[in-house]
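# A structural walkthrough
These are the residues of each chain, in order.
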Amino acid sequence: MIKIGAHMPIGGGFKRVPKETIEIGGNAFQIFPHNPRQWKANLPLSEDALEFKNGIKKYKIEIDSMLCHSGYLINIASPKEEGWKKSLDLLIKEMEICSALGIKYLNIHPGSHLGSGEDEGIKKIVKALNIALDSEKNTFILLENVTKKGGNIGYKIEQLKLIIDNVKQPERLGITIDTCHAWDAGYDIVNKLDEFLEKIDKLIGLEKLKFIHLNDSKNELGSNKDRHENIGMGIIGTDGLKKILTNEIILSKPWILETPGDNEVHKQDIAKVKEILGVI
Ligand code: MN
Ligand code: MN
Ligand code: ZN
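Let me sum up the structure you'll find in this document. (Residues numbered from 1 in each chain as written. Chains lettered and ligands numbered in written order. Predicted model: local features only at pLDDT ≥ 70, side-chain atom pairs only at ≥ 80, totals over all residues. Heavy atoms only, no water.)

Let us now look at the coordination of the manganese ion (ligand 2). Around the manganese ion (ligand 2), the protein supplies Glu-144 (OE), Asp-178 (OD), His-213 (ND1) and Glu-258 (OE) as donor atoms, at distances of 2.0 to 2.3 Å. When the donor residues of the manganese ion (ligand 2) are listed from N- to C-terminus, their spacing reads E-x33-D-x34-H-x44-E. Here the manganese ion (ligand 2) and the manganese ion (ligand 1) are spaced 3.4 Å apart, and both take Glu-144 as a donor. Remark: Glu-258 occurs in the loop between β12 (255-257) and α10 (263-277) and His-213 occurs in strand β9 (residues 209-214); sequence separation between them is 45 residues. Given the relative accessible area of 16%, Glu-258 is considered buried. (Donors = N, O, S within 2.8 Å, 3.2 Å for Na, K, Ca; no water. Helix = DSSP H or I, 4+ residues; strand = E, 2+ residues; numbered from the N terminus. Buried < 20%, exposed > 50% of the residue type's maximum accessible area, 1.4 Å probe, protein only.)

This is the structure in structure tokens:
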């Protein structure tokens with residue numbers, strides 16, 4: 001059985017997430033641990049966390065199919081001390097929220113070096129991750145591949161490897177591959193998927209690939225734009241997605257949709273994926 005779901009809303013509480021995941025045809029999900037556009041983050045109310053966990057049990061959602069996505073303001077690659085420290089503090093808070101909800105994995109963007117250069121940026125990322133992983137002992141961090149824009153680090157698999165190799169607890173790090181980001185960053189995951197996966201295996205290990213962010217792209221291969229499109233509606237398209245999704249390594253990982261639209265649209269996207277695969 002495939003593991004699939006979408007990025008889910010949390011307005012009104014985390015407790016809504018498990019039920020709505022099932023309602024849209026999913027068995028996996030991603031959520032923000034707090035409002036992603038704010039520096040403020042609070043631990044969940046105990047009643048909300050309890051109801052959330054009860055829902056997880058009731059609907060039999062597996063631990064490896066639940067993901068938190070870090071807020072947008074965090075940049076642990078920042079060369080600016082104040083921004084870096086604020087980012088680190090919020091990252092630790094997010095890990096604590098994950099832990100309170102019983103969510104094992106927190107997905108982060110490695111960050112932007114803001115002009116200081118990739119080597120400097122990676123040093124700051126490693127320094128922040130070492131402190132974060134020491135401060136909170138439960139949560140695993142997944143580095144998401146991104147596109148090459150705005151000083152972003154992590155548009156190449158080599159950069160993700162460098163971060164993992166340099167932290168003190170590499171066993172608590174993994175990666176997420178976003179199909180739109182890989183495509184936009186110039187990885188031809190339609191025609192050269194085996195090569196791409198071999199690269200991940202050789203550099204990082206496929207067992208460290210924990211999630212797929214399943215998005216079509218509005219733009220051409222190598223565009224570096226990062227604009228997600230609904231399933232089959234973009235440049236990767238239905239045929240391209242079929243090639244990706246029938247790969248047995250990809251099939252073994254949970255897929256999270258981050259396509260435009262709300263639960264109702266994601267329900268249609270999930271149905272589309274199942275149609276592509278010929279499973280109902
Ligand atoms: Mn992301
Ligand atoms: Mn993504
Ligand atoms: Zn994106």
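Take the nonpolar core next. Residues Phe-29, Ile-31, Leu-91, Leu-129 and Ile-141 are the most contacted members of the largest nonpolar core, which totals 75 residues. Ile-31 has contacts with His-7, Met-8, Ile-10, Phe-14, Val-17, Leu-67, Cys-68, His-69, Leu-101 and Ile-103, leaving out every residue within four places of it along the chain. By size, the runner-up hydrophobic cluster in this structure holds six residues, among which are Ala-28, Leu-67, Phe-211 and Ile-256. (Core = buried A, V, L, I, M, F, W, Y, C linked by side-chain atoms within 4.5 Å. Contact = heavy atoms within 4.5 Å.)

This part is about the pattern of salt bridges. Under the definition given, this model contains nine salt bridges. Its salt-bridge partner being Lys-199, residue Glu-158 comes within 2.6 Å of it at the nearest N-O pair. In this pair, Glu-158 is assigned in helix α5 (residues 157-166) and Lys-199 in helix α7 (residues 193-203), connecting sequence segments 41 residues apart. Using a relative accessible area of 29% as the deciding quantity, one classes Lys-199 as partly exposed. Here Glu-229 makes a salt bridge to Lys-218, at a shortest N to O gap of 3.1 Å. Of this pair, Glu-229 sits in strand β11 (residues 228-229) while Lys-218 is found in the loop between β10 (216-217) and β11, placing the two residues eleven residues apart along the sequence. Using a relative accessible area of 33% as the deciding quantity, one classes Lys-218 as partly exposed. (Salt bridge = Lys/Arg side-chain N within 4 Å of Asp/Glu carboxyl O.)

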